[in-house]
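# Structure at a glance
These are the residues of each chain, in order.
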Amino acid sequence: MVIICIKKYLYILNYRFMKTFMSIFIFLCFGNIQGYADAASVDNGVEPTYIETVAKSGDGVYSLLRKYQLETNECNRSEFYSLNKLKNNSQLHIGTSYKLPIQVYTYNGQSIRSTIGLDDWDVAVSIKEYNEKLVAANIHKQSYMTTKVLWVPFDLVNCESNNENIATTKATTNTPAKVEKKDDANYVVESLFGEDHQRIAVKDLSLKNKVYYLVSGHGGPDPGTRCTTCEETMCEDEYAYDIALRLARNLMERGATVHVIIQDKNDGIRSEKYLKCDNDEKSMGKFQLPLNQLRRLEQRSKNINELYKKYKAKGIKEQYAIMLHIDSRSKDKRTDTFFYYYEHGRTSKALAAHMQSTFRMKYDIHQKGRGYKGFIASRNLYMVRNTLPTALYVELGNIKNSEDRKRFLLPENRQILADWMFDGMNTFSY
């Protein structure tokens, strides 16, 4: 009877008061789920809402995000400014309510993936672990499985992994992997690869009519994920870049046109185990990478897309954008190289499947009995959905795991990764 009365009463309230009523209702049912200064407005599970909190004395953007364990990803900071229509580095006002880059879903009692319409198992696990951390930190009183209130950090489902940063530029440039000169009919020289590797023997022209855009993740102001407990600090962008150069060289040996999007002209292909972390990478070799994450991704996709259109106008049909990243997970979590594809791209999915098959075959030959567990999955990543060429997003391994690190620390293993990816691309056709 009470429930019937409440329903009748709600129908005569205006929308704003209904929203306030529901927030109070959730507060009374679940406790103050911020820990406890916020009331989360929960939708019906189809379209998420955002958590809101009131700024207190001493709160700044960084400290506020840190409280909710969101501060490590630049994407969350950018989204905070965007949600609240603030300029970067704006001060917060005491007593003002601010939206946090956390989306709230009504947990369906079955799984996180079905709750939010997500295919990616690992992302779902990350969301689960995030909610468990909030309980441990006393931000939540109870598990989402009890309250049915699921918090989803913005970066886990909307951003490139581990702080993928971005740059914006008005420039349209020519090939970063530009041929400087020809020694003779069978050699080209590319200084980007460094003095010891710049002379490239062209073995054949089997890839002559194919264009590749290689994008090593992060760079400039964002080193990506790091291993700070290693003998020397390891930065994701340095190792992804070294592997990208090795892959570019392999492709050029077969006559492919290659654009290395993020470049550090001082590095070249390196043979050291520990690659020095720096921040002098530039987009297309000449444009500074700005601090804002979204702007950086916009720049990369824009540069690629403008080049894509030029090649397409010349009749070039096969163009591929390959994004290379290194993952960061628990130190006990060993991962094989895995691949993300564009959910609406048949060729993107086919390339991911072919690459997975290639790696499985290589494991069967070179690591008999170990088994290969690298998966493929669609994921709504910015660079995957906003680049015009066929997109493939590669996660090479877990930088925190000591066994996976051998894949990056040993230069011969970095070359093997490049060789295996090359073999997958060289044998792929659609």
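Residues numbered from 1 in each chain as written. Predicted model: local features only at pLDDT ≥ 70, side-chain atom pairs only at ≥ 80, totals over all residues. Heavy atoms only, no water.

### A few points about the overall build of the protein chain
Across its full length, the protein chain holds 14 helices and 16 strands. When the accessible area of the protein chain is evaluated, it comes to approximately 20,800 Å², of which 50% is carbon and sulfur surface. (Helix = DSSP H or I, 4+ residues; strand = E, 2+ residues; numbered from the N terminus. Areas by Shrake-Rupley, 256 points an atom, 1.4 Å probe, with all protein chains shown as cover.)

### Focus: the packing of aromatic side chains
For any two aromatic rings, the description comes down to two numbers: the centre-to-centre distance and the angle of the planes. In total, this model carries 15 aromatic pairs according to the counting rule given. Judged by centre distance (4.4 Å) and plane angle (15°), the rings of Phe338 and Phe375 are stacked. With Phe338 in strand β14 (residues 338-341) and Phe375 in the loop between α11 (346-366) and β15 (376-378), this pair connects stretches of sequence that are 37 residues apart. For Phe338, a relative accessible area of 1% gives the class buried. The class for Phe375 is partly exposed, based on a relative accessible area of 23%. Judged by centre distance (4.9 Å) and plane angle (45°), the ring pair of Tyr363 and Tyr372 falls under tilted. We classify Tyr363 as buried; its relative accessible area is 4%. Following the ring pairs from residue to residue traces out a cluster consisting of Phe339, Phe359, Tyr363, Tyr372 and Trp420. Of note, Arg199 hangs over the ring of Tyr187, and the distance from its end group to the ring centre comes to 4.1 Å. (Phe/Tyr/Trp six-rings, centres within 6.5 Å; stacked < 30°, edge-to-face > 60°. Buried < 20%, exposed > 50% of the residue type's maximum accessible area, 1.4 Å probe, protein only. Lys NZ or Arg CZ within 6 Å of the ring centre and 35° of its normal.)

### Focus: the pairing of strand β7 (residues 210-216)
Across the seven residues of β7, seven count as buried, placing the element largely inside the fold. What you see with β7 is no split at all: Lys210, Tyr212, Leu214 and Ser216 on one side and Val211, Tyr213 and Val215 on the other are buried throughout. By the bridge criterion, seven bridges tie β7 to strand β13 (residues 318-327) in an arrangement that is parallel. Its bridge partner lying in β13, Val215 is registered against Met323. Taken together, the four bridges between β7 and strand β10 (residues 257-260) define a ladder with parallel strand orientation. Bridge pairing in β10 places Tyr213 opposite His259. (Pairing = 2+ DSSP bridges.)

### With respect to helix α14 (residues 411-426)
With 16 residues, α14 extends 22 Å from end C-alpha to end C-alpha; this agrees with the ideal 22 Å at 1.5 Å per step. Those residues of α14 that sit buried are Pro411, Arg414, Leu417, Ala418, Trp420, Met421, Phe422, Gly424 and Met425. In this structure, the buried residues of α14 make contact with β7, α9 (236-252), β13, α11, β16 (390-398) and α13 (402-409). (Expected span 1.5 Å × (residues − 1). Contact = heavy atoms within 4.5 Å.)

### Brief notes about the state of the cysteines
Formally, a disulfide is one covalent bond, and it connects the sulfur atom of one cysteine to the sulfur atom of another. In the structure shown here, the tally under the stated rule is two disulfides. Disulfide pairing places Cys227 opposite Cys230 at an S-S distance of 2.1 Å. What sets the handedness of the Cys227 and Cys230 disulfide is the S-S torsion sign, and at about 95° it is right-handed. Like Cys230, Cys227 is buried. Put simply, Cys235 and Cys277 are joined by a disulfide, and their sulfur atoms are 2.1 Å apart. (Disulfide = S-S within 2.5 Å.)

### Notes on the packing of α11 against α14
At a minimum axis separation of 9 Å, α11 and α14 run at an interaxial angle of 130°. Comparing the axis directions of α11 and α14 gives the class oblique. Once α11 is placed against α14, the crossing between them reads as right-handed. Residues His354, Met355, Thr358, Phe359, Lys362, Tyr363 and His366 of α11 lie in contact with α14, whose contacting residues are Leu417, Trp420, Met421, Asp423, Gly424 and Met425. Of the residues assigned to the contact of α11 with α14, the class counts are seven nonpolar, four polar and two charged. (Axes fitted to C-alpha atoms, helices over the stretch in contact; angles between N-to-C directions. Parallel < 35°, antiparallel > 145°, perpendicular 65-115°, else oblique. Left-handed = near helix turned anticlockwise from the far one by under 90°. Nonpolar A, V, L, I, M, F, W, Y, C, P; charged D, E, K, R; others polar.)

### Side note on the sheet that holds strand β1 (residues 49-54)
Strand order in the open sheet formed by three strands is β1-β2-β3, with antiparallel pairing between adjacent strands. Where the open sheet ends on each side, the last strands, each with one partner, are β1 and β3 (149-153). Taken over all neighbouring pairs, the strand axes of this sheet differ in orientation by 50° on average, direction set aside. In this structure, β1 lies alongside strand β2 (residues 97-106), joined through five bridges in antiparallel fashion. Opposite Thr53, over in β2, you have Tyr98 as the bridge partner.

### Comments concerning the pattern of salt bridges
If you walk through the whole model with that rule in mind, you get 17 salt bridges. Between Glu253 and Arg249 there is a salt bridge, with its nearest N and O atoms 3.2 Å apart. A single burial state applies to Glu253 and to Arg249, both of which are buried. Because the salt bridges share partners, they merge into one network encompassing Arg334, Asp336, Arg370, Asp404 and Arg407. (Salt bridge = Lys/Arg side-chain N within 4 Å of Asp/Glu carboxyl O.)

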